[in-house]
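# A closer look at the structure
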Amino acid sequence: MAQTVPRSASSSDGNPLRAGLSTNRIKDPCNVIFFGASGDLMKRMLMPAMYNLRLGDVLPVKYGIVGFSRTEWDDDGFRKEMKASIDEFSRSGEAKDPLWSDFAKHVSYVSGDFDDPKCYVLERNDSELGTEHNRLFYLSTPPGLFTKIVDMLDEAGLGPRDNQGGWTRIIVEKPFGTDLASARALQSEITKVFEERHVYRIDHYLGKEPVQDIMALRFANVIFEPIWNRRYIESVQITAAETVGVEHRGGYYETSGALRDMIQNHVINLFALVAMEPPVSADADSIRDEKMKVLRALRPIDPDQLVHYAARGQYAAGTINAQAVPGYREEPDVNPKSNVETFAAVKLYVDSWRWAGVPFYLRSGKRLAGKLSEIAIRFKDIPHRLFGESSDDIEHNTLVMKIQPEEGVSLRFSAKVPGPKMHIRSVSMDFNYGTGFGVVSAPAYERLIGDAMRGDATLFTRWDAVEAAWEAVTPILERWLMLKDTSFPNYAAGSQGPVSADALFDDEDDGWRRI
Amino acid sequence: MEANLTASAAPAFDTEAIRLKWREARGGKPSTATMNFVVYVENERYRDWVFERAWRIADKHPSRMIMLDAIKGHHGTKVTAHEPQHENAPQIFWEGVELGVDGIRAPLRVQFVEALLVKDIPNVLWWAADRLFASETFAGLLKIVEHVILDSSGTDTEPNALREFSSFFTGKQPVALGDLAWMRLDPWRDVIAQFFDDPSMRDELSAIRRIAISSGSDSEMLYLGGWLASRLGWTVRDTSTFVDGRGSVISFERKRAGDIRRVQSVRLETATSAYAAHVEGETVALEVTGRFARAKRHVPLQAIDNTSLVERAILGERTDEIFMEALATVGDLLK
């Protein structure tokens, strides 16, 4: 019998049986502690994400999940609630035994006030579940409690300074502050306990697969980067439109608004990915350095010229999907005379060689005509009209990166209409993720919690970028707070948004893409 | 929408006529193709099973589908055009043709296929036949495709199919290979690897003395044994024994049990511990007994459906060196 040649038993992981396996399992044992565990986010997103990480066998063998909130549950009560949430909201459907029972053994609950030191104890998990003092804290409470919780963690010796045996990280949900001053104050409090490398500011938009594909499209192809500049690009539009209203979040939204809730974080993050220079490597800080540089290069907006750079709106009653829906001021927990914007649009310029003179139009709103998130790159007009009259029909080339509801990329370009005449028409070349790769992307929270457990901060926002984003929007915020918009409500639910947003375009040939 | 235009019994095919019929079936609407998907069957038993899965893939990844049906007595053409049923898919047609090629010589079969291919897109062959490479059609198609997918498991001639496969492909081939039987084992390889992820357990790998695997068909067991041996530097002594670098003998026991293409259990034994994984309902139960005993835990049984496997084979890495090494060891086991 022939003998096989002995082969190398080495692999990058040290376990020779791991070579070639695409497993994504987290190696470090770890406790994940959720503050605000009775909240809606926990039920709809966070616990289903944890369970799906377990189903995908991504969680380490030794792990603990601790829920902490004021609601009076014991461990079993919490597990029961969480199972119901998973059954209702998880993409994998109902949680079944024996996997659920295995998982439930790792889940526990602390009922109490966030300022009660007795609640800040994790020794039991470390000893019983073998989580080796590795801790990931997740702040999904109202932002007003962030500072208190961070202080209490420090007092209880659960901060990174006192944790010599393992690592400590903290995920902070948005909003990170309500304006520049409050963000700085929050950062100052957090950094008394946590260093920047311990802090993971979550923006779930960055966990979406098509958002990550922006980097691949730009830097894994040779054809786009040479034209990704002022010589070829006329303007960029970034849209995050929703059909839903404020739903049960009226109270929160009254203190927030579209500019704070969407533009300052999600939309500006998308902008940074589109506008940044190529990073020197794919590591977290190289990418975040480049994002930071482009945010720093944003041209400050002159508050006196605000009407040319920013527009706001508030929805009135209207119709969406043939259903009558109320106006913002009629929503629960909303002031009937509210001046909070449910739509915000901003025009930004980047003062750099690459982007000088190219406007970036950013908009986000609720109760618009459709649910749509996309980035549209509009290229310049052709320099010479070769085909006489038929050239008049030539549209600008447009590259659209579609984030939701459809995920993909489309390129619009000109083609000849078949026939004896040289008639030109725009056609579209589409790439659809579902069709191209045949996979369903994991929800963003699964990706992001897994990354935080691994210590990969690439898809989290660094403080300097948060600060720069607040610097960009604060002049607008301040002016809007100072001057009420007497036209509110100024767009009907189900419409394209307020007409005032059209005034942002200098070029009459340009305008908002239809939602 | 599907348009079934003809079912003639012509001995050969007019490929231009097929193209015209596609156009007719689409009603002049546009068509698209992300790949040419050529499927070959010659066993009545698998035909519908294979075709049904192939159609599903083509619907998800709009394809130019060319189905070669070499079953005795199957002649004629069936030309179809489809609008994707997949949610969110653009409403652009994709096209397929079933060619009954019984009695048609291999070079002609290949010629027909070549004439129907959309240029400049990937060409994928799903070879679903017991006779693997002793076929002129296969040899001919191999020259025009970049991906070959087959399933060495659950055939009438198992494990001969795998023997033939390993002897054919151990040399350098210009095509990407995917054996669904191997791909099906990814979750099992992961489960076995898990036992030794902890660096303190690595020494146990060199102390393994017995492997016992049960499965409904041979390919899976052979692949798992070949994989372990190739990763751990063992050589093949005979069909049921390996030898490690220090001359220690490892026995390799295989038992047919359960459904075809499904692994039931894997057990690795060292002098002091046993590492066992077995199917328990919809999960795999993992247990370590002996010196390094660990509490039983369950992981989801990641059974991957065949359509997804074919899809992965098409979209996956072109060269899987781990697979090629395992295949070479399987070849040695079967010599």
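Model, not experiment: these values are computed from the prediction. (Residues numbered from 1 in each chain as written. Chains lettered and ligands numbered in written order. Predicted model: local features only at pLDDT ≥ 70, side-chain atom pairs only at ≥ 80, totals over all residues.)

When helices and strands are counted, chain B shows 11 helices and 15 strands. For chain B, the spread of C-alpha atoms along the three principal axes comes to 70 × 40 × 30 Å. Residues classed as buried in chain B amount to 44% of the 335 residues present. Put simply, of all contacts in chain B between residues at least 6 apart along the chain, 71% involve residues at least 24 apart. (Helix = DSSP H or I, 4+ residues; strand = E, 2+ residues; numbered from the N terminus. Buried ≥ 20, exposed ≤ 12 C-beta atoms within 10 Å, placed from the backbone. Contact = placed C-beta atoms within 7 Å.)

This part covers the environment of A:D261. Secondary-structure assignment places A:D261 in helix α9 (residues 258-275). Beyond its immediate chain neighbours, meaning those up to four positions away, A:D261 contacts A:Y253 and A:S256.

The subject of this paragraph is the sheet that holds strand β8 (residues 310-313) of chain A. Residues and elements named next belong to chain A. Taken in spatial order, the 8 strands make up an open sheet running β8-β12-β13-β7-β14-β15-β16-β17, and their pairing is mixed. In this open sheet, the two edge strands, each paired with only one partner strand, are β8 and β17 (423-432). Strand-to-strand, the axes of this sheet are offset by a mean angle of 15°, without reference to chain direction. Sheet topology note: the β8/strand β12 (residues 343-348) ladder contains 4 bridges and is antiparallel. Note on β12: the bridge partner recorded for A311 is A345. Running over the sheet, α9 touches β7 (233-241), β12, β13 (360-365) and β14 (372-379) and is turned about 145° from β13. (Pairing = 2+ DSSP bridges. Axes fitted to C-alpha atoms, helices over the stretch in contact; angles between N-to-C directions.)

Another point: helix α6 (residues 180-190) of chain A. All names here are of chain A. Looking only at α6, the buried set comprises L180, A183, L186, Q187 and I190. Down the axis of α6, the sector holding all buried residues measures 130°, keeping them to one side. Projecting away from the buried face of α6 at angles above 90 degrees are the exposed residues A181 and S188. In the core, the buried residues of α6 are packed alongside α5 (146-155), β6 (199-201) and α14 (463-482). (Arc of directions from axis to C-beta.)

Helix-helix packing is characterised by the crossing angle of the two axes and by the distance between the axes. All names here are of chain A. Contact geometry of helix α1 (residues 40-55) with helix α2 (residues 75-89) gives a least axis separation of 9 Å together with a crossing angle of 90°. Comparing the axis directions of α1 and α2 gives the class roughly perpendicular. Contacts between α1 and α2 involve K43, R44, M47, P48 and Y51 from the former and M82, S85, I86 and F89 from the latter. Partitioned by chemical class, the residues of the contact of α1 with α2 number 6 nonpolar, 1 polar and 2 charged. (Parallel < 35°, antiparallel > 145°, perpendicular 65-115°, else oblique. Nonpolar A, V, L, I, M, F, W, Y, C, P; charged D, E, K, R; others polar.)

Next up on the list: the sheet that holds strand β12 (residues 263-269) of chain B. Residues and elements named next belong to chain B. A sheet is described by the order of its strands in space; here 8 strands give the open sequence β9-β10-β11-β8-β12-β13-β14-β15, paired in mixed fashion. Looking at which strands have only one partner, the edges of the open sheet turn out to be β9 (235-238) and β15 (294-300). Within this sheet the neighbouring strands show an average axis-to-axis angle of 20°, counted without direction.

The domain boundaries assigned to chain A delineate domain 1 (23-173) and domain 2 (206-442 + 462-504). The straight-line distance from the C-alpha centre of domain 1 of chain A to that of domain 2 of chain A is 35 Å. (Domains from an automatic or database assignment.)

Glancing now at the nonpolar core. Side chains of a nonpolar character, in soluble globular proteins, are inclined to be buried together. The biggest cluster of nonpolar side chains holds 137 residues, and the ones touching the most others in it are A:F34, A:Y138, A:I263, A:F271, A:A345 and A:L362. Per-domain counts for this core show at least three residues from each of domain 1 (23-173) and domain 2 (206-442 + 462-504) of chain A. Contacts of A:F34, omitting those with residues within four sequence positions, involve A:M42, A:L46, A:V66, A:G67, A:F68, A:Y138 and A:S140. By size, the runner-up hydrophobic cluster in this structure holds 97 residues, among which are B:A81, B:W127, B:V145 and B:F196. (Core = buried A, V, L, I, M, F, W, Y, C linked by C-beta atoms within 7 Å.)

All names here are of chain A. Here α9 is 18 residues long, yet its end C-alpha atoms lie only 22 Å apart, well below the 26 Å a rise of 1.5 Å per residue gives. I268 marks where α9 bends most, by close to 35°. Taking burial as the measure, the 18 residues of α9 include 18 buried ones, the bulk of the element. (Expected span 1.5 Å × (residues − 1). Bend = angle between axes of the 7 residues up to and from the residue.)

This brings us to the confidence of the model for chain A. For chain A, per-residue confidence averages 89 on the pLDDT scale, and 95% of positions sit at 70 or higher. pLDDT under 50 marks residues 1-12 of chain A. Its contacts with residues more than four places away, or in other chains, come to 30 contacts. (pLDDT = per-residue confidence, 0-100.)

Residues and elements named next belong to chain B. Looking at chain direction, strand β8 (residues 210-215) and β12 are connected through 6 bridges and run antiparallel. The residue bridging I211 from the neighbouring strand is L268, located in β12. Sheet analysis places β8 next to strand β11 (residues 249-256), joined by 6 bridges and oriented parallel. What sits directly across from I211, in β11, is F252.

Take the pairing of β17(A) next. Residue and element names in this part refer to chain A. Across 10 bridges, the pairing between strand β16 (residues 408-417) and β17 is antiparallel. Counted as the bridge partner of F413 is V427 from β17. What sits between the antiparallel neighbours β16 and β17 is a turn of 5 residues, in which G419 has the positive phi angle 145°.

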